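The chain contents come next:
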Amino acid sequence: MQNISAADWLDILDDIKDQKAVLLIGPEIMQVNGQPLNRHLRDTLYERNRDDIAYYYERDGFFLFSSPEGKVRVARQVKRFYRDITPDESILQRIVQIPFHVVVSLNPDTFVSEAFYQHGVKHRFHYFQHRHRDNENDEIEKPSKALPLIYNLFGSKDQDDSLVLDYDDVYKMLQSALGTSSLPNKLLRAFREASTYIFLGFQFDKWYSQLLLKFLSDEGRIEKRISINNP
């Protein structure tokens, strides 16, 4: 990561204040036993479910399931996995203290939302899934500093069929996100109106990082990219 000048920091702070900065949280945000939390989740699921998982694509973090029933059994374990994890409170506290109006996470956990609640910060939490259920576009209020939006792009641990566990899920997510049942309009508008996108916890050689960069480039709104590997 290149050094950020004092002038750049002032611009970033102004964009945060003016609700023109979006925080994007990647899978590398937290570590467990020396590895990213998301990787620890996938490795744990694979070790515990060898009979239900025919193949583990380690680089992308996806599974090939032996059967639809096996996929359901594995998905149900994700919630229990996160229930046994103690997140890094220092990282979460720093995120809460910075008044971002939009926080987009690529993780299925609810640690960020729970931290906002613990610190008494009103907000809205939503997550993406290819099936419309309780995440309709109209239900999402316009994000603001007074009522920030936390949005899980890859689903929620509390909704099994919203999780992205295999390539079929990726296909459905992209098909839905780019189709008529797209991302919430007010979230898309916040992306378009932003001038600064801060990536926290990303490896940029991963497919999801390139996908986000492509999305933002197509929007024509990339003016600053701030990559923070170590919070």
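All of these numbers come straight from a predicted model, not from anything done at the bench.

Colleague: Any details on the environment of L187? Residues and values, ideally.
Modeller: With respect to the element layout, L187 can be found in helix 7 (residues 185–193). The residues contacting L187, other than those within four sequence positions of it, are V102, V104, L149 and Y151.

Colleague: Outline the side chain of D169, supporting the account with residue identities and numerical values.
Modeller: Within the secondary structure layout, D169 lies in helix 6 (residues 167–177). Overall, the relative accessible area of 8% leaves D169 in the buried class. One polar contact links the side chain of D169 to the main-chain amide nitrogen of L165, over a distance of 2.8 Å.

Colleague: Explain the pairing of strand 4 (residues 53–57) to me, and be specific about the residues and the numbers.
Modeller: Every other side chain in a regular strand lies on the same face of the sheet, so the side chains alternate between the two faces. In this sheet, strand 5 (residues 62–65) lies alongside strand 4 in antiparallel orientation, the contact comprising four bridges. Its bridge partner lying in strand 5, Y55 is registered against L64.

Colleague: Describe the environment of V22, and please don't skip the residues or the numbers.
Modeller: With respect to the helices and strands, V22 occurs in strand 1 (residues 21–25). Expressed as a C-alpha distance, the spacing of V22 and V104, which sit 82 residues apart in the sequence, is 7.6 Å. Not counting chain neighbours up to four residues away, the residues in contact with V22 comprise F100, V102, V104, A190, F191, A194, T196, Y197 and I198.

Colleague: Go over empty space enclosed by the protein, please, and point to the residues and values.
Modeller: Here the idea is plain: a probe the size of a water molecule rolls over the atoms and shows the empty space left. For the coordinates displayed, the defined rule picks out three cavities of 30 Å³ or more. What lines the largest cavity is a set of 15 residues, and nearest its centre among them are I29, M30, N107, D109 and F111. Put simply, the parts of the chain that give the lining of the largest cavity at least two residues each are helix 2 (37–48), helix 4 (89–97) and helix 5 (111–118). For the lining of the largest cavity, the element with the most residues is helix 4, which contributes three residues.

Colleague: Describe the packing of helix 2 against helix 3 (residues 68–83), naming the residues involved and giving the relevant values.
Modeller: Any two packed helices are characterised by how steeply their axes cross, that is the angle between the axes, and by the distance between the axes. Packing of helix 2 against helix 3 brings their axes to within 11 Å, and their N-to-C directions diverge by 130°. Overall, the two elements helix 2 and helix 3 adopt an arrangement that is oblique. Pair helix 2 / helix 3 crosses with right-handed handedness. On the side of helix 2, the interface is formed by L37, H40, L41, T44, L45 and R48, while helix 3 contributes V74, Q77, V78, F81 and Y82. The residue inventory of the contact of helix 2 with helix 3, partitioned by class, reads seven nonpolar, three polar and one charged.

Colleague: How would you explain the nonpolar core if you had to name every residue and give the values?
Modeller: Core analysis: the largest hydrophobic core is formed by 36 residues, its most contacted members being L23, L37 and I95. Considering every element that reaches this core, the biggest residue donor is helix 3, with five residues. Excluding residues that lie within four positions of it along the chain, L37 makes contacts with P27, M30, Q31, V32, F81, Y82, I85 and F111. Counting residues in hydrophobic clusters, the runner-up holds 28 residues, among them L24, F128, I140 and A194.

Colleague: An account of unusual backbone geometry is needed here, citing residue identities and associated values.
Modeller: Positive phi, normally seen in glycine, also occurs at Q19, with a value near 60°. Locating Q19 in the fold gives a position in the loop between helix 1 (6–17) and strand 1. With phi around 55°, N33 is a residue other than glycine that occupies positive phi space.

Colleague: Outline the packing of helix 4 against helix 5, listing residues and values.
Modeller: Direction vectors running N to C along helix 4 and helix 5 enclose 70°, while the axes themselves pass 9 Å from each other. When the axis of helix 4 is compared with that of helix 5, the two are roughly perpendicular. Where helix 4 crosses over helix 5, the handedness of that crossing is right-handed. Note on element contacts: helix 5 touches helix 4 through F111, V112, A115, F116 and Q118, opposite E89, L92, I95 and V96.

Colleague: Which residues make up a negative patch on the surface, and what values go with them?
Modeller: A cluster of acidic side chains, namely D8, D11, D14 and D18, defines a negative patch on the protein surface. Its place among the elements puts D18 in the loop between helix 1 and strand 1. Residue D18 is classed as partly exposed on the basis of its relative accessible area, which comes to 48%.

Colleague: Tell me about the pattern of salt bridges, and please be specific about residues and values.
Modeller: Summed over all chains, the structure comprises twelve salt bridges. Between R39 and E58 there is a salt bridge; the shortest N-O distance is 2.8 Å. Within this pair, whereas R39 is found in helix 2, its partner E58 is found in the loop between strand 4 and strand 5, the two being separated by 19 residues in sequence. A salt bridge links D160 to R76; its shortest N-O distance comes to 3.9 Å. A residue pair is termed long-range when its members are at least 10 positions apart, and D160 in the loop between strand 8 (149–152) and helix 6 and R76 in helix 3 qualify at 84 residues. Here the residues in one salt-bridge network are R39, D43 and E58, joined through shared partners.

What counts, and where the lines are drawn
Residues numbered from 1 in each chain as written. Predicted model: local features only at pLDDT ≥ 70, side-chain atom pairs only at ≥ 80, totals over all residues. Heavy atoms only, no water. Helix = DSSP H or I, 4+ residues; strand = E, 2+ residues; numbered from the N terminus. Contact = heavy atoms within 4.5 Å. Buried < 20%, exposed > 50% of the residue type's maximum accessible area, 1.4 Å probe, protein only. Polar contact = N/O pair within 3.5 Å; in protein donor to acceptor, adjacent residues only side chain to side chain. Pairing = 2+ DSSP bridges. 1 Å grid on protein atoms, 1.4 Å probe; cavity = no way out; pocket = protein on both sides within 12 Å on 5 of 7 lines; lining within 4 Å. Points joined across faces, edges and corners; volume = space filled by probe spheres on them. Axes fitted to C-alpha atoms, helices over the stretch in contact; angles between N-to-C directions. Parallel < 35°, antiparallel > 145°, perpendicular 65-115°, else oblique. Left-handed = near helix turned anticlockwise from the far one by under 90°. Nonpolar A, V, L, I, M, F, W, Y, C, P; charged D, E, K, R; others polar. Core = buried A, V, L, I, M, F, W, Y, C linked by side-chain atoms within 4.5 Å. Patch = residues over 30% accessible without salt bridge, like charges linked within 9 Å, V, L, I, M, F, W, Y side chains within 5 Å. Areas by Shrake-Rupley, 256 points an atom, 1.4 Å probe, with all protein chains shown as cover. Salt bridge = Lys/Arg side-chain N within 4 Å of Asp/Glu carboxyl O. Lys, Arg positive; Asp, Glu negative; His and termini not counted. Charge placed at Lys NZ, Arg CZ, Asp CG, Glu CD.

Nothing here speaks to function; it is all geometry.
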